[in-house]
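Architecture at a glance
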Amino acid sequence: MAICTQSCSLFCFVSIQTVLIFSLSAPGTNGFLFPQHYTMQYWAGRIEQEIDRVVRLVSGVQQIKGIYNEKRNQFEIKKNSPKELVEKVALDIEKLLAKKRKALERLARAAEVFQKANAWKDNIKENEIEYYDAKADSEYADEFDGEEGAQMKSTSQQLQLTFVDDPNFKNQVNYSSTAVQIPTDIYKGSAVILNELNWTAALEEVFIQNRNEDPSLLWQVFGSATGVTRYYPATPWKPPNKIDLYDVRRRPW
């Protein structure tokens, strides 16, 4: 608020001086003469002083000087080379991106190997696949109430996970498991989806390995052509809208 007040006072002061000058010099004003040269110099000097005073007050330059003089023994002035600073920053960014690229390449290679090694099962059943359905909590909470909802949840969701708050993810997560999101318009019990869930479960170990080697990694996501999304660490799914239309196949990336 102090900054706004001082800025307004400066604006008003300059505006008044400007209006005064133009009022005195306006045509048809009898009895007034254009200000003398020394008068203009005086006004300019006053405006300069006022601007300097307001800038010093608003910027807090005197307080900064006081802090520096009080704690100057804690400061050290060094001469930096801009070229060396830019090269160091570029090298740090290169190392950071190299870690991310390595994790992505490891995940892609593993997905190819696991998919080729997977034996297709025509008669695969839902109860044969264990996974954490990230949408189960919200789906059954909306469709069923009380004991009926709890019973449906227990029979449909194979894994029950415990979550902890993580400030890096700004969410509740589980580091020991992945979560699966399947689009609303896809039947989870189809053979295509169940086989996809079966072989992508092996990616969980790759996700964990990536995180152990690079703790700065945040969300790791695998999306398949069938619409199955498996991500790590596991967390309950939060759709962007009340009607969940999220489909990994339609994402711009």
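Residues numbered from 1 in each chain as written. Predicted model: local features only at pLDDT ≥ 70, side-chain atom pairs only at ≥ 80, totals over all residues. Heavy atoms only, no water.

Right, let's talk about the pattern of salt bridges for a bit. If you walk through the whole model with that rule in mind, you get 11 salt bridges. The closest approach of N and O atoms between glutamate 213 and lysine 102, which form a salt bridge, is 3.9 Å. Note that glutamate 213 is positioned in helix H8 (residues 203-213) and lysine 102 in helix H4 (residues 82-117), a separation of 111 residues in sequence. On the accessibility criterion, lysine 102 (46% relative accessible area) is partly exposed. Residue class for glutamate 213 comes out partly exposed when judged on its relative accessible area of 42%. Ionic contacts of the salt-bridge type, sharing partners, join the residues Lys102, Arg106 and Glu213 into one network. (Salt bridge = Lys/Arg side-chain N within 4 Å of Asp/Glu carboxyl O. Helix = DSSP H or I, 4+ residues; strand = E, 2+ residues; numbered from the N terminus. Buried < 20%, exposed > 50% of the residue type's maximum accessible area, 1.4 Å probe, protein only.)

Turning to the packing of H4 against H8, a few remarks are in order. In a packed pair of helices, the relevant descriptors are the angle between the two axes and the axis-to-axis distance. Axis separation between H4 and H8 bottoms out at 10 Å; the angle between their running directions is 165 degrees. In terms of orientation, H4 and H8 fall into the roughly antiparallel class. Remark: the crossing between H4 and H8 carries right-handed chirality. In this structure, H4 contributes Lys102, Ala103, Arg106, Leu107, Ala110, Ala111 and Phe114 to the contact, and H8 contributes Leu203, Val206, Phe207, Gln209, Asn210 and Glu213. Grouping the constituent residues of the contact of H4 with H8 by class yields eight nonpolar, two polar and three charged. (Axes fitted to C-alpha atoms, helices over the stretch in contact; angles between N-to-C directions. Parallel < 35°, antiparallel > 145°, perpendicular 65-115°, else oblique. Left-handed = near helix turned anticlockwise from the far one by under 90°. Contact = heavy atoms within 4.5 Å. Nonpolar A, V, L, I, M, F, W, Y, C, P; charged D, E, K, R; others polar.)

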